[in-house]
Amino acid sequence: MKRLLCLLLALCMVLSLTACGGEQPESVQLFAMDTVMDLTAYGENAAAALTDASREINRLERLLSRTIDTSEISQINAGGAVTVSEETASLLAQAQTYTAATDGAFDITIAPLVSLWGITTDSPYVPTQQEIDALLPLVGPEHLHLSGDTATLDDGCAIDLGGIAKGYASDRVAAIFARHGITSGTISLGGNVYVCGSKPNGQPWVVAIQDPRSDGYAVTVALTDSFAVTSGGYQRYYTAPDGTVYQHILDPKTGYPVESDLLSVSILCDNGTMADAYSTALYVMGSAGAQAFWRTHGGFEMILITTAGQVLYTPGLSEKITPTEGSGYEYVSIHP
């Protein structure tokens, strides 16, 4: 799914640090969860906040990565009833909630199909319909059983929290910033962005949404205290020998890479975990499905970039976005 995220840097930050009234930030860069992460904070406790945040990200990777044999996720995938931490149990329950809300467009049990295709690995492969059909019955929230602190998977099934772990990590870093009294800062966890407060000069942070068709950006958004997560299939894909391009985000219902009228989906809200899950799910749904979902559920803002050359945005962003001159896009507010 999307969080093969390290290459989904669909959100690049325009920080304009030189315009921050002269106050110098503390910054740190680390590699975790298969992506480069950048954290910046202002204030007297900035260094301590960044140290704690870095340790927390590394801890979460050890806890949640299915590629680390000792992680709780790997233990669950190995089979049998596994006693997990309260934190992991809670995150798994949240994932199932998002699966139910999106009618399966977001599903952490898609791991067997992700492994089959291997689009983000060194050995991508186009499986046969027979191979896909053999794995589809293993995908679905009914295969993950949670009871208190015990998690059990049905035989042959596997889970992957790549579609939600970075969002959860951004929530945890935001909490650490708050605990240290940080009122101005930014984090970028492989495309999952969080802006804390405003710039030291009191102005909003400006986040640029990448143009999937070029190296530039399609639109910028002025944000304070907000998470912003983008999904799209345009930066990680596999071109088969026959020239067919297979992008890396899979539809849990078909087992195939998503064929969407969307180039990217950006979710902006006050919950990083939700933004992470919804950005993938709404990309899978397509433009009409994404808009219908927003109208029904609400609770977040959204920017859709379509294959038809439109940038669609929810009305709550009307005073916050700035179109990119000469981008070639038509900018349209979504009707409530």
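Our structure's up above, just so we're on the same page.
All figures in this text were calculated on a predicted structure; none of them were measured in a lab. (Residues numbered from 1 in each chain as written. Predicted model: local features only at pLDDT ≥ 70, side-chain atom pairs only at ≥ 80, totals over all residues. Heavy atoms only, no water.)

In this section: the sheet that holds strand 6 (residues 150–153). Judged by pairing direction, the sheet is antiparallel, and its three strands sit side by side in the order 4-6-5 without closing on themselves. Both edges of this open sheet fall to strand 4 (82–83) and strand 5 (144–147), since each of them pairs with a single strand only. In this sheet, strand 6 lies alongside strand 5 in antiparallel orientation, the contact comprising four bridges. Its bridge partner lying in strand 6, Leu-146 is registered against Ala-151. Where helix 3 (residues 86–101) meets the sheet, its contacts fall on strand 5 and strand 6, and the angle it forms with strand 5 comes to roughly 130°. (Pairing = 2+ DSSP bridges. Helix = DSSP H or I, 4+ residues; strand = E, 2+ residues; numbered from the N terminus. Contact = heavy atoms within 4.5 Å. Axes fitted to C-alpha atoms, helices over the stretch in contact; angles between N-to-C directions.)

Our next topic: the sheet that holds strand 3 (residues 35–41). Taken together, nine strands build an open sheet; the order of strands is 2-3-7-8-11-14-15-16-18 and the sheet is mixed. This sheet does not close on itself; its edge strands, each paired only once, are strand 2 (26–32) and strand 18 (330–333). With direction set aside, neighbouring strand axes in the sheet form an average angle of 15°. The sheet contact formed by strand 3 and strand 7 (residues 184–189) spans five bridges and is antiparallel. Bridge assignment links Met-37 to a residue of strand 7, and that residue is Leu-189. Along the sheet, helix 1 (residues 46–64) makes contact with strand 2, strand 3 and strand 7, crossing strand 2 at roughly 10°. Where helix 6 (residues 165–179) meets the sheet, it contacts strand 3, strand 7, strand 8 (192–197) and strand 11 (226–231), and its direction lies at approximately 160° from that of strand 7.

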